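# Commentary on secondary and tertiary structure
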Amino acid sequence: MTKPNLSEITDTYSLILCDIWGVVHNGNNIYPEAVNTLLAYLEAGGNICLITNAPRRSEAIKDYLFNMGVAPDICNTIVSSGDCSYAWLSSIVDRPLFHIGPEKDNSLFVGLDLKKVNEFECLECICTGFFNEYIESISDYQKILETLLERGIVIHCANPDLYVNKGSVRLPCAGLIAQSYSQMGGKVVYFGKPHHYIYDLALETANQSMRKTVSKDSILAIGDGLNTDIAGASNFGIDSFFIINGVHEAEFKKNNDTSEIDIESVRDYISKYYTKIAVPKFVMNSLNLL
């Protein structure tokens, strides 16, 4: 595990699978250094596929990034958990669906003739997040999950993230509901990172965009989530680059008490507490290689 320089990345990897929230922006503002680093990588001949657990389709995410001020060149290729979810939703249009999640995620259903019902009438269920992540906790979902469990309903999780940092506010995600349901004995199907489906789709999409096939040893995954980005890269057999100042920022600062994280302490911490994850090849506080 090292702190890389840009030339090391460009010389070794022809494709970056880059997480968005926590790496490129914090939910409120973009990280200019990260954007400039990715632009420099593109200028050096590299290719980028943004890969995100957002429960929205890639076109909606592209518009969102443009509105935030992210350079368009970075956003040419995007694969989302929403894209994976949409493929499944397209296959169950004749089955009544219960949606756990906020109205802002309804764009996921555009173009599909779905019959939405409650937890008592559904045959299928998709979870995109909390109905209101600002005021709810996981305990608010106990009765809903008990009903689904009693009926033997499978929850399809469109965002495996447990939490996300929106600016300085920590918010729960769909993955927390799915985790709770699984702990109750319910069955969960996940569409995003760290599971294979989204990586297979990302690699297929990137190969089509580049009009060539990229080998796994020339792919680098960049992300701030150990249980999603780094675990997903580990599962998929590609190198990873861990960004500390994202969803795990408080966790690492609490255990290191320094603003500049010591690489050896990060390695030791991951090896001790995240034993099923291959240690990242690179680590930095933020994506800034310029």
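The preceding data block contains the structure.
The present account deals with the structure reproduced in this document. Remember, it's a predicted structure, so these values are computed and weren't measured experimentally. (Residues numbered from 1 in each chain as written. Predicted model: local features only at pLDDT ≥ 70, side-chain atom pairs only at ≥ 80, totals over all residues. Heavy atoms only, no water.)

The secondary structure content of the protein chain amounts to 10 helices and 12 strands. Its C-alpha radius of gyration of 19 Å places the protein chain within 12% of the 19 Å reference for a compact globule of 290 residues. With respect to the principal axes defined by its C-alpha atoms, the protein chain has extents near 55 × 45 × 30 Å. Buried positions account for 54% of the 290 residues belonging to the protein chain. Looking at the protein chain as shown, the accessible area adds up to about 13000 Å², and 48% of this sits on carbon and sulfur atoms. When the 23 basic and 35 acidic side-chain charges of the protein chain are each reduced to a single mean position, those positions are 3 Å apart. (Helix = DSSP H or I, 4+ residues; strand = E, 2+ residues; numbered from the N terminus. Rg over C-alpha atoms; globule rule 2.2 N^0.38 Å. Buried < 20%, exposed > 50% of the residue type's maximum accessible area, 1.4 Å probe, protein only. Areas by Shrake-Rupley, 256 points an atom, 1.4 Å probe, with all protein chains shown as cover. Lys, Arg positive; Asp, Glu negative; His and termini not counted. Charge placed at Lys NZ, Arg CZ, Asp CG, Glu CD.)

Let us now look at helix H2 (residues 32–43). Given a rise of 1.5 Å per residue, 12 residues ought to cover 16 Å, and the 16 Å separating the end C-alpha atoms of H2 matches this to within 8%. Within H2, the full set of buried residues consists of Ala-34, Val-35, Thr-37, Leu-38, Ala-40 and Tyr-41. Considering only its buried residues, H2 is in contact with helix H1 (6–12), strand S1 (15–18) and strand S2 (47–52). Residue Gly-45 follows H2 closely and has a positive phi angle near 105°. (Expected span 1.5 Å × (residues − 1). Contact = heavy atoms within 4.5 Å.)

Let us look at the environment of Ile-238. Of note, Ile-238 is situated in the loop between helix H8 (226–236) and strand S11 (239–243). A sequence separation of 221 residues divides Ile-238 from Leu-17, and the C-alpha atoms of the two residues are 10.0 Å apart. Excluding its chain neighbours within four sequence positions, the residues that come into contact with Ile-238 are Leu-17, Lys-216, Ile-219, Ala-221 and Ala-233.

We now examine unusual backbone geometry. Peptide bonds are mostly trans, and most non-glycine residues show a negative phi. For the bond from Lys-193 to Pro-194, the omega torsion is 15°, close enough to zero to count as cis. For Pro-194, the location among the structural elements is in the loop between strand S9 (188–190) and helix H7 (196–210).

The next subject is the environment of Gly-45. Structurally, Gly-45 can be placed in the loop between H2 and S2. By relative accessible area, which is 55% here, Gly-45 ends up exposed. C-alpha separation for the pair Gly-45 and Ile-61, spaced 16 residues apart in sequence, amounts to 24 Å.

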